[in-house]
Amino acid sequence: MTDVTDGVLHTLFQSDQGGHEQVVLCQDRASGLKAVIAIHSTALGPALGGTRFYPYASEEEAVADALNLARGMSYKNAMAGLDHGGGKAVIIGDPEKIKTEELLLAYGRFVASLGGRYVTACDVGTYVADMDVVARECRWTTGRSPENGGAGDSSVLTAFGVFQGMRASAQHLWGDPTLRGLKVGVAGVGKVGRHLVEHLLKDGAEVVITDVRDESVRRITELHPEVAVAADTATLIRTEGLDIYAPCALGGALNDDTVPVLTAKVVCGAANNQLAHPGVEKDLADRSILYAPDYVVNAGGVIQVADELHGFDFDRCKAKASKIFDTTLAIFARAKDDGIPPAAAADRIAEQRMAEARRR
């Protein structure tokens, strides 16, 4: 057995990062599909989580990402009050080069083979149109278009939830839930980030953005020339007078290199797995930077796709997503009472709900 396999199995079974119920490696030679489906927990119900389509540097990296994302979904769904466990899938490859209808149909067949233990949806690199294709082979598919019985783009409520988390952070730190007059830096203005920018501007915030894709930046600045642009994320996090930093791209944004130079007093963004390692949350606390746990504030999208399974109602979903404001405040209060960082407080609350479900 190779060292790579040893590493994957160790990650899968160790209790702190692993504890997963099931991991499925999927390959369809005809379409070129290589995918990983990870089910972390079904204690609260069928595992629910998106499908990420990304050109990973190695298969080991893909498996590790699937495991981490699936675990995060268990905590996210628990904190969102959903009757779902956590799962995630990753498709290995550049979606702009290898994504085809045949590949998506093959992926759908693999999800269907799990018999409802895993419910899939959109994520980085996959879109509503893709879920429409997957759904042709798998009824446990959400994030479909309204024309195909779905709720459509979940990024709308994801951004709304992050905005509620920011409002709660402002309430906790400055005593007022408005973002008016605050400077907010958004790293990544794609599917979620661009909607978040709209909420911020409407609330009167001063916004600075950056993105690796020039067209994403241009789409924002053409609509809102008042929005400032930073050359890159390294520049953005060092921006003078920044009040809130919103990482809205890939994970690992908060690490040993970025935290020491952050000028913001609050971190609240849509990206999953923002903490590069567990010690980062203490580093943020030591610098008196308030961290709104990512899987709490970005739960609007999963609230939306979960509702799709029961007959989608946007107003009902938005009302539920608005409660992210109260949940975030409750986490800050728990963190203060227990003398721990907010991320640890959120974990405790989520773990308590999952443990209670297992005992029933």
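For the structure itself, look to the data block above.
Described in the following lines is the structure provided in the data block. This one's a predicted model, so the numbers in the text were calculated from it and none came from an experiment.

## Looking at the overall build of the protein chain
In terms of regular secondary structure, the protein chain is built from 15 helices and 12 strands. Computed over the C-alpha atoms, the radius of gyration of the protein chain is 19 Å, within 12% of the 21 Å expected from 2.2 N^0.38 for a compact globule of 360 residues. Along the first, second and third principal axes, the C-alpha atoms of the protein chain reach 55 × 45 × 45 Å. Within the protein chain, contacts between residues at least 6 apart in sequence are counted, and of these 65% link residues at least 24 apart. Counting 37 positive and 48 negative side-chain charges, the protein chain places the centres of these two groups 4 Å from one another.

## Topic: the pairing of strand β5 (residues 85-92)
Of all eight residues making up β5, eight are buried, and the element is well covered by its neighbours. Burial along β5 is two-sided: the residues Gly 85, Gly 87, Ala 89 and Ile 91 and Gly 86, Lys 88, Val 90 and Ile 92 are all buried. Sheet analysis places strand β2 (residues 33-41) next to β5, joined by six bridges and oriented antiparallel. When the sheet's bridge partners are listed, Ala 38 is paired in β5 with Lys 88. Summarising the sheet, strand β3 (residues 47-48) and β5 pair through two bridges and their orientation is parallel. Looking at the pairing, Ala 47 lines up with Gly 85 of β5. Of the strand pairs in this sheet, strand β4 (residues 51-54) and β5 are connected by four bridges, and their pairing is parallel. Its bridge partner lying in β5, Phe 53 is registered against Ile 91. With helix α2 (residues 59-79) bridging β4 and the parallel β5, this β-α-β connection has right-handed handedness.

## Notes on the packing of aromatic side chains
Taken as a whole and judged by the stated rule, the model has three aromatic pairs. Taking 5.1 Å as the distance between ring centres and 70° as the angle between the ring planes, the aromatic pair formed by Tyr 54 and Tyr 56 counts as edge-to-face. According to the relative accessible area criterion, Tyr 54 is partly exposed, its value standing at 29%. The exposure class of Tyr 56 is buried, given its relative accessible area of 9%. Note on Phe 312 and Phe 314: the rings are 6.4 Å apart at their centroids and 70° apart in plane angle, and the pair reads as edge-to-face. Relative accessible area serves as the criterion here: at 36%, Phe 314 is assigned to the partly exposed category. A cation over an aromatic ring shows up here: Lys 191 above the ring of Tyr 127, its NZ or CZ 4.5 Å from the ring centre.

## Overview of the environment of Ala 47
Its place among the elements puts Ala 47 in strand β3. Look at Ala 47 and you get buried, because its relative accessible area is 0%. In the structure, Ala 47 is positioned 25 residues away from Gly 72 in sequence and 11 Å away in space, judged by C-alpha atoms. Beyond its immediate stretch of four places on either side in the chain, Ala 47 contacts Ile 39, Ser 41, Thr 42, Gly 85, Gly 86, Gly 87, Arg 117, Tyr 118 and Val 119.

What counts, and at which threshold
Residues numbered from 1 in each chain as written. Predicted model: local features only at pLDDT ≥ 70, side-chain atom pairs only at ≥ 80, totals over all residues. Heavy atoms only, no water. Helix = DSSP H or I, 4+ residues; strand = E, 2+ residues; numbered from the N terminus. Rg over C-alpha atoms; globule rule 2.2 N^0.38 Å. Contact = heavy atoms within 4.5 Å. Lys, Arg positive; Asp, Glu negative; His and termini not counted. Charge placed at Lys NZ, Arg CZ, Asp CG, Glu CD. Buried < 20%, exposed > 50% of the residue type's maximum accessible area, 1.4 Å probe, protein only. Pairing = 2+ DSSP bridges. Right-handed = clockwise from strand over helix to strand, strands pointing away. Phe/Tyr/Trp six-rings, centres within 6.5 Å; stacked < 30°, edge-to-face > 60°. Lys NZ or Arg CZ within 6 Å of the ring centre and 35° of its normal.

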